[in-house]
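# Architecture and fold: a report
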Amino acid sequence: MRSSRYSAALAVPLVLALTACSGAGSPGAAGVRDPYFPRMGNGGYDTTHYSLTLGYERDRLTGVADITARATQNLSAFNLDLKGMTVDGVTVGGRRARVERAGQELTIRPDASLRKGATFRTVVRYSGRPEKITDPDGSEEGWLPTEDGVLALGEPTGSMTWFPGNHHPSDKATYDIHVTVPEGLEAVSNGELAGKRTTGGRTTFDWHTAQPMASYVAMVAIGKFDTKAYNTPDGLPVYTAVDAEEAGASASILARIPEVIAWETKTFGRYPFSSTGAVIDRDGDSGYALETQNRPVFPGTPELPTLVHELAHEWYGDSVTPKSWRDMWLNEGFATYGEWLWEEQHDGDSAQESFDHYYAKGGDDPIWAFPPGKPSGAAHISDPPVYQRGAMVLHKIRETIGDARFFALLKSWPAAHRYGNADTADFTAYVEKHNPGKDLRPVWDDWLYGNGKPDHP
Ligand code: TRP
Ligand code: ZN
């Protein structure tokens, strides 16, 4: 039935990826079975690069997503996640593809099946007014209008409001994000600014992300910003963009980015990315900081511990990324312990004192509501058991293996999984393998997976 299409495809080199599966292949899965967000992500392919061309005009977005991916099975169809927006057309390998939509699932049926192992390009043209998403825990993400523009954020699911993709942390890719805005506005994103030009009253910013990125830490901030670009003494490019009204208040804290990065590099190992920085945007809705890759976003001028926390995520979260949303404590426990260590090494409380402070909380305190390794539901992945009790797990590991091995672990773990993904079982196996003869069982049983407040500190 499809043979005539196969031969048509064979005649055109551009679409070689579309050729000749024996049989038609089967559809890729509509989700990757995440325990908390089961519809997020899609099976049957791995993305390697996104090129997003975004046009912004007041509340409207016009987008072209050019997605390079590799088929991991013979595919007759595959899905992307996209919530809202109008899809104006899709091609695969340069040929028009059929499209169906159901909720956040965009199902694409190429002209001919894709062969396992083939690399293929999907181009989605879309437009409309992007939505914001209210998360199970009540916080807002996605496309968030601000006084002078918009802030696009994506943890855990919001990126599907502003571009179609394989929106699960387990599928990381490099990105080019081109944003065109009315002249006079700035557009800031991840990676490095590779180009900027103005024609006919519109300015285009080209942002290039050369290291793999999970889509939940992709970001675009559009508005009136004071921007600064400079290098740290070690030669790392820093780019900051600050809401004009926060520029004065934030100058002294942002000036500490090189110092924080230097301390974190000493403590966590080589900085994983080719630039750093920060965005401060006084948006109406988020109210939280987020570890967007290269440059975290803050809803106002941050305190120093928050700056330390978000930049620590460049190692723990952005470079080593959780395999699923169940593994959130690998992000937040480490970033919180990073704050404790900063304090300890800068004349503040010792990490032991921080631990003791939290251990003193009564048995019915929310910090003991569930074990860090197994959050009780999607609404709770950013609750205290993930953050502070997650940090307590790390402190117990430190106590069990000693400072020398613990500080080596802080560096070797992100190095071992640089630019990749890991889950909690990978972590516990890693710690055990590198610490033979140490009894870590009680740490896992009582602190990482145990219900309720552990009997002993
Ligand atoms: N990851 C952010 C931080 O630590 C907090 C956060 C923002 C978050 N949005 C979230 C955590 C959604 C879980 C889910 O700094
Ligand atoms: Zn965090």
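Since this is a predicted model, take the numbers as computed values, not measurements. (Residues numbered from 1 in each chain as written. Chains lettered and ligands numbered in written order. Predicted model: local features only at pLDDT ≥ 70, side-chain atom pairs only at ≥ 80, totals over all residues. Heavy atoms only, no water.)

## Considerations on the overall build of the protein chain
What counts here: The way it works is that DSSP assigns letters per residue, a run of H or I at least four long becomes a helix, a run of E at least two long becomes a strand, and they are numbered from the N terminus. We compute the radius of gyration from the C-alpha atoms alone; for a globule the expected value is 2.2 Å times N to the 0.38, where N is the number of residues. Burial classification: accessible surface area is computed with a 1.4 Å probe over protein chains only, and a residue below 20% of its type maximum counts as buried, one above 50% as exposed, and the rest as partly exposed. Residue contacts are defined here by distance: any two heavy atoms, one from each residue, within 4.5 Å place the two residues in contact. We get accessible surface area from the Shrake-Rupley algorithm with a probe of 1.4 Å; when it comes to residues, only the shown protein chains can shield them.
Each helix and strand in the protein chain was counted, giving ten helices and 23 strands. Taking 2.2 N^0.38 as the reference for a compact globule, 457 residues should give roughly 23 Å; the C-alpha atoms of the protein chain span a radius of gyration of 23 Å, in line with that estimate. The principal-axis extents of the C-alpha atoms in the protein chain amount to approximately 70 × 50 × 40 Å. Sorting the 457 residues of the protein chain into buried and exposed places 57% on the buried side. Summarising the internal contacts of the protein chain: among those between residues at least 6 apart in sequence, 69% fall at separations of at least 24. Taken as a whole, the protein chain presents about 17,500 Å² of accessible surface, with 49% of it coming from carbon and sulfur.

## With respect to the site of ligand 1
Counted only if it meets this: Here a residue is near a molecule or strand as soon as one of its heavy atoms is found within 4 Å of it. Here a polar contact is taken to be a pair of N or O atoms separated by no more than 3.5 Å, where protein atoms must pair a possible hydrogen donor with a possible acceptor and residues adjacent in sequence count only if both atoms sit in side chains. Throughout, the protein atoms alone are placed on a 1 Å grid, and a set of points is a cavity if a 1.4 Å probe fits but cannot get out or a pocket if it is open with protein on both sides within 12 Å along at least five of seven lines; lining residues have an atom within 4 Å of a point. The rule for placing a molecule in a cavity or pocket is simple: more than half of its atoms must lie within 2 Å of the grid points. By the convention adopted, Pro, Cys, Tyr, Trp, Phe, Met, Ile, Leu, Val and Ala count as nonpolar, Lys, Arg, Asp and Glu as charged, and the other residues, Gly among them, as polar.
The environment of ligand 1 is formed by 14 residues, the closest being Glu155, Glu291, Glu310, Glu332 and Tyr387. Contact distances for ligand 1 include 3.1 Å between an oxygen atom and a side-chain N or O atom of His309. Note that an oxygen atom of ligand 1 is positioned 3.5 Å from one of the side-chain N or O atoms of His313. For ligand 1, the accessible surface in isolation is 360 Å², of which the surrounding protein chains cover 93%. The site holding ligand 1 turns out to be the largest pocket. Split by residue class, the shell around ligand 1 holds seven nonpolar, three polar and four charged.

## Here we look at the environment of Arg70
Along the chain, Arg70 turns up in strand β3 (residues 60–71). Overall, Arg70 belongs to the partly exposed group, its relative accessible area being 35%. Contacts of Arg70, omitting those with residues within four sequence positions, involve Gly44, Tyr45, Asp46, Gly117, Ala118, Thr119 and Phe120.

## Overview of the packing of helix α4 (residues 304–312) against helix α5 (residues 329–345)
The condition is simple: Angular values range over 0 to 180 degrees, each being the angle between N-to-C directions of two axes fitted as lines to C-alpha atoms, with helices fitted over their stretch in contact. Each angle receives one of four descriptions, namely roughly parallel if under 35 degrees, roughly antiparallel if over 145, roughly perpendicular if within 65 to 115, and oblique otherwise. In this scheme, a crossing is called left-handed if the near helix is turned counterclockwise away from the far one by less than a right angle; it is called right-handed if the turn is clockwise.
Look at α4 against α5: their axes get within 8 Å of each other, and the N-to-C directions meet at 135°. When the axis of α4 is compared with that of α5, the two are oblique. Between α4 and α5 lies a crossing of right-handed hand. Residue-level contacts link Leu304, Pro305, Val308, His309 and Ala312 of α4 to Glu332, Ala335, Thr336, Gly338, Glu339, Trp342 and Glu343 of α5.

## Quick word on the pattern of salt bridges
To be explicit about the condition: A pair is scored as a salt bridge if a Lys or Arg side-chain nitrogen falls within 4 Å of a carboxyl oxygen belonging to Asp or Glu.
Applying the stated criterion across every chain yields a total of 17 salt bridges. The salt bridge involving Arg256 is made with Glu259; its shortest N-O contact spans 3.0 Å. Overall, the relative accessible area of 31% leaves Arg256 in the partly exposed class. Residue Glu259 is classed as partly exposed on the basis of its relative accessible area, which comes to 35%. The structure contains a network of salt bridges with shared partners spanning Glu147, Asp243, Glu245 and Arg282.

## As for the coordination of the zinc ion (ligand 2)
Ideal geometry at a metal centre gives angles of 109.5 degrees when four donors are arranged tetrahedrally and 90 or 180 degrees when six donors are arranged octahedrally. The criterion, for reference: In this analysis a donor is any N, O or S atom within 2.8 Å of a metal ion (3.2 Å for sodium, potassium and calcium), and since water is not included, sites may seem incomplete. For a four-donor site, all angles between 85 and 135 degrees give tetrahedral; for four or six donors, opposite pairs above 155 degrees with the remaining angles between 65 and 115 give square planar or octahedral; all remaining cases count as irregular.
The zinc ion (ligand 2) binds to the protein through His309 (NE2), His313 (NE2) and Glu332 (OE); the donor distances cover 1.9 to 2.0 Å. Classification of the site at the zinc ion (ligand 2) rests on its four donor atoms, whose angles at the metal span 99 to 131°, yielding the label tetrahedral. For His313, a relative accessible area of 0% puts it in the buried group.

## Points about the pairing of strand β7 (residues 98–102)
Worth spelling out the cut-off: For two strands to count as paired, DSSP must find a minimum of two bridges between them.
With five bridges connecting them, β7 and strand β8 (residues 105–109) associate as antiparallel partners. Across the sheet, Val99 pairs through a bridge with Ile108, a residue of β8. Two successive antiparallel strands, β7 and β8, enclose a turn made up of two residues, where Gly103 displays a positive phi of approximately 60°.

## Brief notes about helix α6 (residues 351–359)
We apply this condition: Picture the helix axis, draw a direction to every C-beta atom, and the arc is the one those directions span.
All buried positions along α6 are accounted for by Ala351, Ser354, Phe355, Tyr358 and Tyr359. Axial view of α6: buried residues confined to an arc of 135°, hence all on one face. As for α6, its buried residues are in contact with α5, α7 (384–401) and α10 (441–448).

## A few points about the sheet that holds strand β10 (residues 132–134)
With antiparallel pairing, the five strands of this open sheet are ordered in space as β10-β11-β12-β17-β14. A strand with exactly one partner marks an edge of an open sheet, and here the two such strands are β10 and β14 (186–189). Averaged over all pairs of adjacent strands, the angle between their axes in this sheet comes to 20°, without regard to strand direction. Here β10 runs beside strand β11 (residues 140–146); their pairing, made up of three bridges, is antiparallel. Across the sheet, the residue bridging to Thr134 is Glu140, located in β11.

## Considerations on the side chain of Thr203
Relative to the helices and strands, Thr203 is located in strand β16 (residues 202–213). Within polar-contact distance, the side chain of Thr203 engages the side chain of Thr198 at 2.8 Å.

## Let's talk about the sheet that holds strand β4 (residues 75–81)
Strand order in the open sheet formed by four strands is β1-β4-β8-β7, with mixed pairing between adjacent strands. Each edge of the open sheet is held by one strand with a lone partner, namely β1 (26–27) and β7.

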